[in-house]
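Report on the structure
Single-letter residue listing:
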Amino acid sequence: MSSTFHITTFGCQMNEHDSEIMAGLLIEKGLTRVDQVSDAKIEILNTCSVRENADKRFFGTLGQLKNRHENEPDFLVCVCGCMMQQQSVIDTLKAKYPWVDIVFGTHNLHTLPDLLEKVQNEKSRIIDIWSDAEVIAENLPSERLYKHKALVNIMYGCNNFCTYCIVPYTRGREKSRSPEAILSEIEALTSDGVKEVMVLGQNVNSYKGLSTSSDEIWSFGRLIHAINDVDGIERIRFMTSHPKDLSDELIDAFVHCDKLCKNIHLPVQAGSDKVLKRMNRKYTREHYLGLVNKLREAVPEITISTDIIVGFPGETEEDFQETLDLVNEVEYDSAFTFLYSVREGTPAAKYEDQIPEEIKHERFNRLVDAVNTISERKNQAYYGRVEKVLVEGSSKNNPFALSGRTDGFKLVNFPGSPDLIGETVDVKIIGTKTFSLEGEII
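Since the structure is predicted, the reported quantities are computational estimates derived from the model, not experimental observations. (Residues numbered from 1 in each chain as written. Predicted model: local features only at pLDDT ≥ 70, side-chain atom pairs only at ≥ 80, totals over all residues. Heavy atoms only, no water.)

1. Here we look at the overall build of the protein
- Helix and strand content of the protein: 13 helices and 21 strands.
- Against the globule reference of 22 Å for 442 residues, the protein gives a C-alpha radius of gyration of 22 Å, in line with a compact fold.
- A principal-axis box enclosing the C-alpha atoms of the protein has dimensions of 60 × 55 × 50 Å.
- The buried share among the 442 residues of the protein stands at 53%.
- Intrachain contacts of the protein at a sequence separation of at least 6 include 73% that bridge at least 24 residues.
- Carbon and sulfur atoms form 49% of the exposed surface of the protein, whose accessible area is close to 19700 Å². (Helix = DSSP H or I, 4+ residues; strand = E, 2+ residues; numbered from the N terminus. Rg over C-alpha atoms; globule rule 2.2 N^0.38 Å. Buried < 20%, exposed > 50% of the residue type's maximum accessible area, 1.4 Å probe, protein only. Contact = heavy atoms within 4.5 Å. Areas by Shrake-Rupley, 256 points an atom, 1.4 Å probe, with all protein chains shown as cover.)

2. Description of the packing of aromatic side chains
- Counted by the stated rule, this structure contains 11 aromatic pairs.
- Ring geometry for Phe-161 against Tyr-169: centres 5.5 Å apart, planes inclined by 80 degrees, an arrangement best described as edge-to-face.
- One aromatic cluster in this structure is built from Phe-10, Phe-58, Phe-59, Tyr-97 and Trp-99.
- Above the plane of the ring of Tyr-146 lies Lys-149, whose end atom (NZ or CZ) is 4.4 Å from the centre.
- The ring of Phe-409 has Arg-405 sitting right over it, with the charged end atom 4.2 Å from the ring centre. (Phe/Tyr/Trp six-rings, centres within 6.5 Å; stacked < 30°, edge-to-face > 60°. Lys NZ or Arg CZ within 6 Å of the ring centre and 35° of its normal.)

3. With respect to the layout of surface pockets
- Considered as a void within the structure, the second largest pocket measures approximately 420 Å³ in volume.
- Lining the second largest pocket are 19 residues, and of these Asn-139, Leu-140, Ser-142, Arg-177 and Glu-185 sit closest to its centre.
- Ranked by residues supplied to the lining of the second largest pocket, first place goes to helix α7 (residues 179-191) with five residues.
- Partitioned by chemical class, the residues of the lining of the second largest pocket number nine nonpolar, five polar and five charged. (1 Å grid on protein atoms, 1.4 Å probe; cavity = no way out; pocket = protein on both sides within 12 Å on 5 of 7 lines; lining within 4 Å. Points joined across faces, edges and corners; volume = space filled by probe spheres on them. Nonpolar A, V, L, I, M, F, W, Y, C, P; charged D, E, K, R; others polar.)

4. Regarding helix α4 (residues 87-96)
- Of all the residues in α4, the buried ones are Val-89, Ile-90 and Leu-93. Buried residues of α4, viewed axially, fall in a sector of 100 degrees; they line one side. Of the exposed residues in α4, the ones pointing more than 90 degrees away from its buried face are Ala-95 and Lys-96. (Arc of directions from axis to C-beta.)

Written as structure tokens, this is what we have:
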């Protein structure tokens, strides 16, 4: 099976890694990955269902492929990912996009080569959606975006059922990989030049992996300690944490694991206890602030980012002000801010007290102003410092400069030679912006 393929990925790091795995599977079968859709005989759209904007972008992108599909009989269109786990989306595809060749979900991406072979042989459409997977498929190949860093799934699914979130319905219930499988994968990655791993899960700190050698259940903190002992790894990151499961053991790992980067993404979503309860977040404002204090007492230099939703049903001006107050108290290094959007199939979609769009946008703008003001001020504190930066590649805004991340996940742009990509260099910070730093190699 020789052909060319292109993957368009919407959404989070989990989707990015799923795309890396699909690319690895196809390359293993002799296909060639190309950078442009126009050069591909197979286009794969890997979808995200968390935000409404991703839905709209997907259908817009899909619509643009129709003419080419009709004019080129051998051009195949495949759609997969979280959106495909929703029956309403499948119904829409059947009714309005009958020319899509293959539809599959989050639980059977490893079957993609077989699905492609079948549709090419039988010249028929395939819709193959699994409601869940009994076991985790291991030892799948992966075509990484970066030679020196890698994404590693340690668990799949989510048990939290936040009332705004579709993930438990599209990714299924939590399943943790064995620690042996995870460590074996990371050891193989280091032999291939990987220096930084980001371990992934919808809620990584609820990880409970059954050891195949001792029948013990490993916690996330224990797993981090074990990854820290892997020779060749220089940096460990993880995404995403749920505050209700952030343990003292994990906070302790920041102190004692020298490779664990001093950075944490800790979604708060809202600063009002009333809103948090209605979101089913299972923690209070006081508990969250207590975790932030514990983290900063243990690791004063730690950087903290978060997710915040504006305009959740029933949110009053007082509730929103509590969110603003929390942002000003915590002083996040950065924040992903979102306008609440209805996700069909979630409890919050049925709430009758939806917030008008103009109020959402007004509050959103105030929140962004507060977050950006704090981010800019915190970045200014880096002026004159020397930071160790893992060089990731060329700067997106300046092809003649390099960019990379500090231990605390600060983005730094600086002049340098492309042969430094993948290396860790000392960079003096000579300029600061709201979202990035400017530097020079010393």
